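Overview (structure and organization)
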Amino acid sequence: MNTFTHMRLSIAVLLIAVIGLTGCNEDSTAKVMAQKAMALESADECHLCGMLITRFPGPKGQVYERSIKQDMKFCSTRDMFAYALDPEHKHNIQSVFVHDMAVNPWDEPSEETYIDGRKAWFVIGSSKKGAMGPTLGSFKTKESAEAFAKEFGGELKRFEELTLDII
């Protein structure tokens, strides 16, 4: 085999390897962008506690885990974080969605107001209650979260600041 043929063969093998490895990337942008919050149905049960989601006030949450095609729905942001921050699941969480409560009535969050939970502002310790009692108010902007905390109490946190101990 001459040098030119050997070089062409090496390049071909390298290209095949790169193309093959690209398909293994579970976090590809296209896959994550295809994940979105789904409408809540009256029969939907909380993935953590089993309660009917739509029967309770306050912001709801939804997550997608790697290797699981369907979203998991939660009756409150507190239940969603109890699941998503659990060490057994934390490393597998791919997408997180919560309601923007600045544009929602607390008693009936709207399906059109889900936002990326990793970019949201959260208020913990407010006087507002969710499905399981205390819950986290979720907001798209810091200003909205601050206004909520001023009216109902609580402190602001970002997604990456939340831990199971805080929840």
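The text that follows walks through the structure, step by step, so that each part is easy to find. (Residues numbered from 1 in each chain as written. Predicted model: local features only at pLDDT ≥ 70, side-chain atom pairs only at ≥ 80, totals over all residues. Heavy atoms only, no water.)

Further remarks concern the environment of Asp107. Structurally, Asp107 is set in the loop between β3 (93-99) and β4 (114-116). Spatially, the C-alpha atom of Asp107 lies 8.8 Å from that of Gly130, the residues being 23 residues apart in sequence. With residues up to four places along the chain from it excluded, the contact list for Asp107 reads Phe56 and Pro57. (Helix = DSSP H or I, 4+ residues; strand = E, 2+ residues; numbered from the N terminus. Contact = heavy atoms within 4.5 Å.)

Now for the sheet that holds strand β2 (residues 72-74). In spatial order, the strands read β2-β1-β3-β4; together these 4 strands make up an open sheet with antiparallel pairing. Strand pairing shows two members of the sheet lacking a second neighbour, β2 and β4, which therefore form its edges. Between one strand axis and the next, the sheet turns by 25° as a mean value, whatever way the strands run. Across the face of the sheet, helix α3 (residues 77-84) comes into contact with β1 (61-65), β2 and β3 while running at roughly 170° to β3. (Pairing = 2+ DSSP bridges. Axes fitted to C-alpha atoms, helices over the stretch in contact; angles between N-to-C directions.)

Another aspect to go through is the pairing of β3. Burial runs high along β3: 7 of the 7 residues are buried. In this sheet, β3 lies alongside β1 in antiparallel orientation, the contact comprising 5 bridges. When the sheet's bridge partners are listed, Glu65 is paired in β3 with Ile93. Summarising the sheet, β3 and β4 pair through 3 bridges and their orientation is antiparallel. By the bridge assignment, Val98 is partnered in β4 with Ile115. (Buried < 20%, exposed > 50% of the residue type's maximum accessible area, 1.4 Å probe, protein only.)

Among the nonpolar cores identified, the biggest contains 26 residues, and Val63, Phe74, Met80, Phe81, Phe122 and Leu162 are the most heavily contacted of them. Counting residues per element, the ones that place at least two in this core are β1, β2, α3, β3, β4 and β5 (121-124). Ignoring anything within four residues of it in the chain, the contact list for Phe81 reads Asp86, Phe122, Leu136, Phe159, Leu162, Leu164 and Ile167. Counting 8 residues, the second largest nonpolar core, distinct from the first, contains Met101, Trp106, Val123 and Phe148. (Core = buried A, V, L, I, M, F, W, Y, C linked by side-chain atoms within 4.5 Å.)

With that settled, consider the packing of aromatic side chains. Throughout the structure, instances matching the rule amount to 7 aromatic pairs. Ring geometry for Phe74 versus Tyr83: centroids 5.5 Å apart, planes at 40°, classification tilted. On the accessibility criterion, Tyr83 (8% relative accessible area) is buried. Centre to centre, the rings of Phe139 and Phe148 are 4.9 Å apart; their planes meet at 45°, and the pair counts as tilted. Across the pair, exposure class does not vary: Phe139 and Phe148 are buried alike. Through a chain of ring-to-ring contacts, three or more aromatic side chains come together here, namely Trp106, Phe139, Phe148 and Phe152. (Phe/Tyr/Trp six-rings, centres within 6.5 Å; stacked < 30°, edge-to-face > 60°.)

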